[in-house]
Amino acid sequence: MSAGIVVLCAVLGAVAGAVAIVPALRTIPDPWETPRQLQWSVVAVNAVLWALVANSFTLGWWLPAYFVAFSILLAVSVVDIRLYRIPDRFVFPGLAITIVLVVIASFIEPGNSTTGSDLRYAGVGLLSYFAILFVAHVVYPRGMGFGDVKLSLLMGLILGWPAGSSANAVYLVLMALIFGCVIGIVFGLAWRVIQRQGGAFPFGPALAAATIFVVLSRHTWIV
């Protein structure tokens, strides 16, 4: 995509961060006086995420779904770091909006002749990610919170949608999980050093970062 479009998407991402994500963080899941430095950080990160989406996909109806999904992953990461919680008020509205955008894009994307397949792959990604984390939660609930399980619905959806096959959809989910675990280990160690104590640490940001990375580098992992 042209540099001009990428820059425009970055600007729009900054605006969306300022007028949507930051105000939402002030009230979800409870009122919070968001530090000004964090506000600017959220705006800047959201701008970068939208620019990366624009740079990774061709111009078309793919973009809005990934804009929304990446912004939701950013928002829940901030909340999870602060409260060790992933609020449903971010996850489920974000999932619903993304599903609607995925369906719309799958039907009206110019030149798309595999609409049903694209939606099926999105469903495979959603279900496979949810199933894996749900089992992990049942086996070890202290290590895998149910908030992460619910977030997996959104992450699996956006991983599976561009996969091109059901096998690739599962493969991308597995790659995201592997990277998520690696990032989680590093993040967890750093978190414990900073906090100067052991115990639990927020795993959602690691899963979110890994999902974003795999989506943006998807062509590296699938043939």
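Just above, that's the structure.
Residues numbered from 1 in each chain as written. Predicted model: local features only at pLDDT ≥ 70, side-chain atom pairs only at ≥ 80, totals over all residues. Heavy atoms only, no water.

### Comments concerning the overall build of the chain
- The helix and strand inventory of the chain stands at nine helices and zero strands.
- Going from the N terminus to the C terminus, the chain shows its helices and strands as α-α-α-α-α-α-α-α-α.
- Relative to the compact-globule value of 17 Å for 223 residues, the chain shows a C-alpha radius of gyration of 17 Å, a close match.
- Averaged over its 11 positive side-chain charges, the chain has a centre that lies 7 Å from the centre of its 7 negative ones. (Helix = DSSP H or I, 4+ residues; strand = E, 2+ residues; numbered from the N terminus. Rg over C-alpha atoms; globule rule 2.2 N^0.38 Å. Lys, Arg positive; Asp, Glu negative; His and termini not counted. Charge placed at Lys NZ, Arg CZ, Asp CG, Glu CD.)

### Some remarks on the packing of aromatic side chains
- Following the criterion strictly, the structure yields 11 aromatic pairs and no others.
- Between Phe 134 and Phe 146, the aromatic rings sit 6.5 Å apart at their centres with planes inclined by 75 degrees, giving edge-to-face as the arrangement. Taken as a pair, Phe 134 in helix α5 (residues 115–139) and Phe 146 in helix α6 (residues 146–160) lie far apart in primary sequence, 12 residues in all.
- For Phe 146, a relative accessible area of 34% puts it in the partly exposed group. (Phe/Tyr/Trp six-rings, centres within 6.5 Å; stacked < 30°, edge-to-face > 60°. Buried < 20%, exposed > 50% of the residue type's maximum accessible area, 1.4 Å probe, protein only.)

### Points about the nonpolar core
- Among the nonpolar cores identified, the biggest contains 65 residues, and Tyr 66, Phe 70 and Phe 90 are the most heavily contacted of them.
- Every element with two or more residues in this core is listed here: α1 (3–27), α2 (36–56), α3 (62–83), α4 (88–108), α5, α6, α7 (166–195) and α8 (204–216).
- Ranked by residues supplied to this core, first place goes to α3 with 14 residues. (Core = buried A, V, L, I, M, F, W, Y, C linked by side-chain atoms within 4.5 Å.)

### Focus on the environment of Ala 190
- Its place among the elements puts Ala 190 in helix α7.
- Residue Ala 190 is classed as partly exposed on the basis of its relative accessible area of 35%.
- On a C-alpha basis, the gap between Ala 190 and Phe 201 in space is 10.0 Å, while along the polypeptide they are 11 residues apart.

### A few points about α4
- In this model, α4 (21 residues) spans 30 Å end to end at C-alpha, consistent with the 30 Å of a helix rising 1.5 Å per residue.
- Restricting attention to buried positions, one finds in α4 the residues Phe 90, Val 91, Gly 94, Leu 95, Thr 98, Val 102, Ala 105 and Ser 106. Along α4, the residues classed as buried sweep out an arc of 110 degrees about the axis, all on the same side. (Expected span 1.5 Å × (residues − 1). Arc of directions from axis to C-beta.)

### Comments concerning the packing of α4 against α6
- Where α4 meets α6, the closest approach of the two axes is 9 Å, and the angle between their N-to-C directions is 25 degrees. In terms of axis orientation, α4 runs roughly parallel to α6. Note that α4 runs across α6; the crossing there is left-handed. Taking contact as the criterion, the partners of Asp 88, Val 91, Phe 92, Gly 94, Leu 95, Thr 98, Ile 99 and Val 102 in α4 are, on α6, Lys 150, Leu 151, Leu 153, Leu 154, Leu 157 and Ile 158. (Axes fitted to C-alpha atoms, helices over the stretch in contact; angles between N-to-C directions. Parallel < 35°, antiparallel > 145°, perpendicular 65-115°, else oblique. Left-handed = near helix turned anticlockwise from the far one by under 90°. Contact = heavy atoms within 4.5 Å.)

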